[in-house]
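Spelled out, the chains give:
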Amino acid sequence: MVEVVLGIETSCDETSAAVLVRSDEGPRLAGLTILSQDVHAIFRGVVPELASRAHLTAITPVVRQALDEADLVLDDVDAVAVTAGPGLIGSLLVGLCYAKGVAAARDLPLVGVHHLEGHVFAATLSDTRLAPPLVALIVSGGHTLLLDVPAWGRYRLLGGTRDDAAGEAFDKVAAMLDLGYPGGPVIERLATTGVDRFAFPRPMRSDGFDFSFSGLKTAVLYAARASTDLEADRADLARSFQEAVFDVLVDKVDRALQHTGYPRVVLGGGVACNQALAHRVRDAMHAGIEVHVAPPRLNADNAAMIARAGWFHLEAGTRHGLDLDADPRLAWPGLEPAPLVA
Ligand code: KG4
Ligand code: ZN
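These lines cover the structure that appears in this document, whether it is placed above or below.

Scoring rules and cut-offs
Numbering of residues begins from 1 in every chain and follows the order in which that chain's sequence is written. Think of it this way: whatever chain is written first is A, whatever ligand is written first is 1, and the rest follow in order. Thresholds applied to this predicted model are a pLDDT of at least 70 for local features of residues and 80 or more for the giving and counting of side-chain atom pairs; totals over whole chains, interfaces and linings are not thresholded and use all residues. Just so you know, side-chain values use all the structure's heavy atoms and leave hydrogens and water out. Secondary structure is summarised from DSSP: a helix means a run of H or I of at least four residues, a strand means a run of E of at least two, and numbering begins at the N terminus for each. A helix's residues, less one, multiplied by 1.5 Å, set its expected span. Here the bend at a residue is taken as the angle between two axes, fitted respectively to the seven residues that end there and the seven that start there. Throughout this description, buried means an accessible area under 20% of the type-specific maximum (1.4 Å probe, protein chains only), exposed means over 50%, and partly exposed covers the range between. Any two residues whose heavy atoms approach within 4.5 Å at even a single point are treated as in contact. Two strands form a pair only when DSSP identifies at least two bridges running between them. Between N-to-C directions, angles span 0 to 180 degrees; the directions come from axes that are lines fitted to C-alpha atoms, helices contributing only their stretch in contact. In the cavity and pocket records, a cavity denotes points on a 1 Å grid over the protein atoms alone where a 1.4 Å probe fits but cannot get out, a pocket denotes an open set with protein on both sides within 12 Å along at least 5 of 7 lines, and lining residues are residues with an atom within 4 Å of a point. Grid points are joined across faces, edges and corners, and a volume is the space filled by probe spheres set on the points. Amino acids are sorted into nonpolar (Ala, Val, Leu, Ile, Met, Phe, Trp, Tyr, Cys and Pro), charged (Asp, Glu, Lys and Arg) and polar (every other residue, Gly among them). Where a domain begins and ends is set by an automatic assignment or by a domain database.

A separate point is helix α1 (residues 48-69). One turn of an α-helix holds 3.6 residues; hence residues three or four places apart share an orientation. A rise of 1.5 Å per residue sets the reference length of α1, with its 22 residues, at 32 Å; its end C-alpha atoms lie 29 Å apart and thus fit the reference within 8%. Of all bends in α1, the biggest is about 45°, found at alanine 58, and the proline proline 61 comes one to four residues later. Listed as buried for α1 are Ala51, Ser52, His55, Ala58, Ile59, Val62, Val63, Ala66 and Leu67. Against the buried residues of α1 lie β1 (4-9), β2 (14-21), β3 (28-36) and α2 (89-106). Immediately beyond the C-terminal end of α1, within one or two residues, lies aspartate 71, with a positive phi of roughly 60°.

Let's shift gears to the sheet that holds β3. Strand pairing in a sheet relies on backbone hydrogen bonds. The paired strands run either parallel or antiparallel. A sheet is described by the order of its strands in space; here five strands give the open sequence β3-β2-β1-β4-β5, paired in mixed fashion. Since the sheet does not close on itself, it has two edges, and those belong to β3 and β5 (110-114), each with one partner. Averaged over neighbouring strand pairs, the angle between their axes works out to 20° when direction is ignored. Judged from the five bridges that link them, strand β4 (residues 79-85) and β5 form a sheet pairing that is parallel. Bridged to threonine 83 within β5 is valine 113. Helix-sheet contacts for α1 involve β1, β2 and β3, and the interaxial angle to β2 is about 25°.

Moving on to the layout of surface pockets. Roughly 1,100 Å³ of volume is contained in the largest pocket. Around the largest pocket, the lining comprises 41 residues; the ones closest to its centre are Asp13, Gly141, Asp171, Tyr181 and Asp301. Where the lining of the largest pocket is concerned, the elements lending two or more residues are β3, α3 (115-121), α5 (166-176) and α6 (183-191). Ranked by the residues each element gives to the lining of the largest pocket, the list is headed by α5, at five residues. Looking at side-chain class alone, the lining of the largest pocket contains 16 nonpolar, 16 polar and nine charged residues. Inspection of the lining of the largest pocket shows a minimum of three residues originating in each of domain 1 (4-123 + 298-336) and domain 2 (132-293). The volume enclosed by the second largest pocket comes to roughly 210 Å³. For the second largest pocket, the full set of lining residues is Pro86, His114, Leu116, His143, Leu145, Pro328, Arg329, Leu330, Trp332 and Leu335. Taken together, the residues of the lining of the second largest pocket break down into seven nonpolar, two polar and one charged.

In structure tokens:
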């Protein structure tokens, strides 16, 4: 039986390690370290080679700190879970090689985790009773997915983005408005002081489960170019953009709940750190629908969610060998294609 799992996440620009320990209520988060690489800010986006190098420098002290926080040492760990993909190949390899090293040296079980499956599990770390059936909306920098989750380990893809991911749209709009990188947090802050007065389009709002954000992004670009006083318009542009994105997300979640008949939805991924999104979804849902959102620290990239998804797979008997490879486009085990829906 698994008692202590070490999780490692290095798929993009966060170096993270976490320690989960068995408790009566389920896996308990005992230690979590997340080191966000600030080397990319000046480039307004993640530079893969710099990310790999920063992971290499950070991985050992990050793991040590997570163990210290849990008051444990490597000898106490009895399984290792690591992000195997998707992500940046060089970054993934740092975490994967480290995890393999620990597993090989101590003869521990190793399990590779799909990064997005980690995001689905994140909310269970703060609410250990949370369980399927559920609808999951995963909104991150690289993905926008609406999932039907009838049971852990089984995922039906209802819809995804046809172009930009939701977080990517936040980052690009922030760049247009000269707000720096990453864009999400600064747009959220600015939007609190703005007014939704630009009447931006709500792409595909009443149309199935797929998303499209690139037309909206272009609409913001044209509005910013047409502005004669960008300084004064910035907050309203941010608010109008954010409202347009969230109107679409809220309607799709509502449609997915009606379609599945499930009583709960989980929001995950970096964009789910946005408090306004959680409020909007809670306000829009019918009575009896549970809305679960992890605290921001667990919704952004972190190793705790990887350890938690890995815990599930370890308990189900999954073990990966030392030939486990990093895969930038890793297919999601257990993900079924979308059923045909109106
Ligand atoms: O899940 P995540 O940390 O990394 C990926 O797996 O991509 O998501 C990062 C994305 C970025 O695009 C970032 O701008 C966005 O999440 N994000 C936010 C907020 N915080 C982060 N978007 C909107 N509001 C936020 N507060
Ligand atoms: Zn992520």
